[in-house]
Amino acid sequence: MEGEAGERIDVTLLRRHLGATLAILLCAAGSLLASPPVSAAPGVPRVSDIRAWTNEIYTRVAIDTGDEVSWQANTLRADPSLRLPPRIFIDIRGAGIRDEIRSKPVEVRNGLLRQVRAGRYDRDTVRVVIELERESTYRVFALPGPFRIIVDIDGAGEIPVPPTSPAPVAAVPPREDPATLPPAMTPSAAPPTPSADPAAPSAPPAIPPSVESSRVAASPPSHARKPRVRVMIDPGHGGKDPGATGPTGLQEKDVVLAIGRRIREKLARSGEFDVRMTRDDDVFIPLEERTAMANKGGVDIFVSLHINASRNRSAEGFSTYVLSRGASNREDLELAARENGVPVGKLQGVKFIIDDMFTGARKNESLRLAKTVNDAVVRHVSTRYPGVQSLGLKQAPFYVLVGARMTAVLVEASFISNAREESRLRDPSCLDGIADGVVEAVRYYGQNGILAHSDY
Ligand SMILES: [Zn+2]
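Presented here is a report on the structure given in the accompanying data block. (Residues numbered from 1 in each chain as written. Predicted model: local features only at pLDDT ≥ 70, side-chain atom pairs only at ≥ 80, totals over all residues. Heavy atoms only, no water.)

1. Concerning the nonpolar core
Now for step 1: Counting residues in hydrophobic clusters, the biggest one holds 43 residues, and the most contacted among them are I263, V303 and I434.
Now for step 2: When residues of this core are traced back to their parent elements, those giving at least two are strand 14 (229–235), helix 4 (252–269), strand 15 (273–277), strand 16 (301–308), strand 17 (318–323), helix 8 (360–384), strand 19 (407–415) and helix 10 (428–448).
Now for step 3: For this core, the element with the most residues is helix 10, which contributes nine residues.
Now for step 4: Residues A294, Y399, L401 and A408 belong to the second largest nonpolar core, which totals 33 residues. (Core = buried A, V, L, I, M, F, W, Y, C linked by side-chain atoms within 4.5 Å. Buried < 20%, exposed > 50% of the residue type's maximum accessible area, 1.4 Å probe, protein only. Helix = DSSP H or I, 4+ residues; strand = E, 2+ residues; numbered from the N terminus.)

Structure below.
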């Protein structure tokens, strides 16, 4: 586990201290690289891209470094005298930075995220600075394969920056060069704590559902009026990532897209749902982007669609998962690793904070929906294929569910590695059965579950 930078997540979550205090999540990296490469030499990790998804209350920033790096996150409070807003910064050790990124900040200015910029802080460190419109709670974690650092920012319900803060308008933006930021500007937060107790019990949900509900209700326009329940269907894989392949060549990415389209059509028919899809084509979308799309869209229910596979060709059945830190058995761990696109070894040390403000409030709803989905899918497919196996409700560390702020489940709709189940997956009536099951469960949940904590 040592040396797995980014797999040691976290640790200190100080939030809502006197209301206006920044919540600070320190993320400690495991080890530093042995040498301090500073150029973009071949084989040296470097900040090659910065991506952001954002709305008025939510932002996810992804920092791509390709290879594993050591990093640390921290915050700076607003400094009106320097006309600087609240900032989150990520120091990345032993990495280079692509010139285009250094010279061109990602400008947003949409209500929560102002801009993201990056530069060299010292000879060995690249600093990525996320400028916010107001102080916000955040957390940071890293995903391997390829390595990227993810920053999730929750701007809902936080204390806004006082009106005395200078308007940014067209004035030359105050811009301290990250390279010139003296270490003294680093807040006196606790030092990184790589020795965080991995056995520590899950933190209780930071926000009870009722509280979160009211916060969302009080948030800006995109969430103020939701005429219908929003559902995001996420057909797994796509493009260069075929997912699992069956004995006769059927590919998971094609099956789940076909199921997803059926679900969308069936759900949309009633008019009760605003149905979206993370992809409606054979395209590759990174896992963190799928979650970000759902969060940004203010989605209520997220359903990720997959087909299972196993070295054991007789393995069969349907299961539906919710996010957890670990898996209860080797098969589930291997499944999560495959779906995450990483070796099993990369998963074993992962310590996601899942029972936090982003996910914890929806955990029980997700468990309930997952069970409902699995029961309904098995029931519907059984009418066409008697004897279908249910493997039930399960939990595993799927990256696509990490940071999802809504009720979120992941369906593993039978085994494509099993010749009999692969042939069923070529049958449109089987795909319809799977879709009917998901639709029934989502409708049931939409009518009986989500309304209990929503405001429309
Ligand atoms: Zn999959």
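2. Looking at the packing of helix 4 against helix 10
Packed helices, taken two at a time, are described by the angle their axes make and the gap between the axes.
Now for step 1: Following both chains from N to C, one finds helix 4 and helix 10 inclined at 50 degrees, their axes separated by 9 Å at the closest point. When the axis of helix 4 is compared with that of helix 10, the two are oblique. The way helix 4 lies across helix 10 gives a crossing that is right-handed. In contact with V255, A258, I259, R262, I263, K266 and L267 of helix 4, helix 10 contributes P428, L431, D432, I434, A435, D436, V438, V439, V442 and R443. (Axes fitted to C-alpha atoms, helices over the stretch in contact; angles between N-to-C directions. Parallel < 35°, antiparallel > 145°, perpendicular 65-115°, else oblique. Left-handed = near helix turned anticlockwise from the far one by under 90°. Contact = heavy atoms within 4.5 Å.)

3. Quick notes on the sheet that holds strand 5 (residues 58–66)
Now for step 1: In spatial order, the strands read 4-5-13-12; together these four strands make up an open sheet with antiparallel pairing. The sheet terminates laterally at strand 4 (49–54) and strand 12 (137–143), the two strands that pair on one side only. The sheet shows a mean angle of 15 degrees between the axes of neighbouring strands, direction not considered.
Now for step 2: Two elements, strand 4 and strand 5, share six bridges in a ladder whose sense is antiparallel. Bridge assignment links D49 to a residue of strand 5, and that residue is D64. (Pairing = 2+ DSSP bridges.)

4. Describing the coordination of the zinc ion
Now for step 1: The zinc ion binds to the protein through H237 (NE2), E252 (OE), H306 (ND1), E339 (OE) and E339 (OE); the donor distances cover 1.9 to 2.5 Å.
Now for step 2: Along the chain, the residues that donate to the zinc ion are spaced as H-x14-E-x53-H-x32-E. Taken together, the residues E252 in helix 4 and H306 in strand 16 connect sequence positions 54 residues apart. The same class applies to E252 as to H306, namely buried. (Donors = N, O, S within 2.8 Å, 3.2 Å for Na, K, Ca; no water.)

5. Focus on helix 5 (residues 287–296)
Now for step 1: Counting buried positions over the ten residues of helix 5 gives seven, a clear majority of the element.
Now for step 2: Burial in helix 5 covers these residues: L287, E288, R290, T291, A292, A294 and N295.
Now for step 3: Just downstream of helix 5 lies G298, where phi reads positive at about 60 degrees.

6. Quick notes on the sheet that holds strand 18 (residues 390–396)
Now for step 1: In space, the six strands of this open sheet follow the order 15-14-16-19-17-18, with mixed pairing throughout. The open sheet has two edge strands with one neighbour each: strand 15 and strand 18. Within the sheet, the average angular offset between the axes of one strand and its neighbour, ignoring direction, is 20 degrees.
Now for step 2: Relative to strand 15, strand 14 runs parallel, the two sharing five bridges.

7. A closer look at the pairing of strand 12
Now for step 1: Among the seven residues that make up strand 12, seven are buried, leaving the element largely enclosed by the rest of the structure.
Now for step 2: Of the two faces of strand 12, the one carrying T137, R139, F141 and L143 and the one carrying Y138, V140 and A142 are both buried.
Now for step 3: When strand 12 meets strand 13 (residues 147–154), the two strands line up antiparallel, connected through seven bridges. Across the sheet, the residue bridging to A142 is I149, located in strand 13.
Now for step 4: As consecutive antiparallel partners, strand 12 and strand 13 are separated by three residues, and within that stretch G145 has a phi angle of approximately 65 degrees, a positive value.

8. Points about the environment of T245
Now for step 1: Here T245 lies in the loop between strand 14 and helix 4.
Now for step 2: Accessibility expressed as a relative area gives 40% for T245, which makes it partly exposed.
Now for step 3: Discounting residues that sit within four places of it in the chain, T245 has contacts with L250, Q251 and I416.

9. Brief notes about unusual backbone geometry
Now for step 1: The omega torsion across G145 and P146 is -10 degrees, close enough to zero to call that bond cis.
Now for step 2: In this structure, P146 sits in the loop between strand 12 and strand 13.
Now for step 3: Positive phi, normally seen in glycine, also occurs at R83, with a value near 55 degrees.
Now for step 4: For R83, the position within the fold is in the loop between strand 6 (70–76) and strand 7 (87–93).
Now for step 5: Using a relative accessible area of 34% as the deciding quantity, one classes R83 as partly exposed.
Now for step 6: Positive phi values are uncommon outside glycine, yet S414 reaches one of about 70 degrees.
Now for step 7: Note on placement: S414 falls in strand 19.

10. Re the packing of aromatic side chains
Now for step 1: Tallying each qualifying case throughout the model produces one aromatic pair.
Now for step 2: Taking NZ or CZ as reference, R127 lies 3.9 Å from the ring centre of F89, over its face.
Now for step 3: Lying over the aromatic face of F284, K240 brings its terminal NZ or CZ to 4.4 Å of the ring centre. (Phe/Tyr/Trp six-rings, centres within 6.5 Å; stacked < 30°, edge-to-face > 60°. Lys NZ or Arg CZ within 6 Å of the ring centre and 35° of its normal.)

Don't take any of this as a statement about function, it's just geometry.
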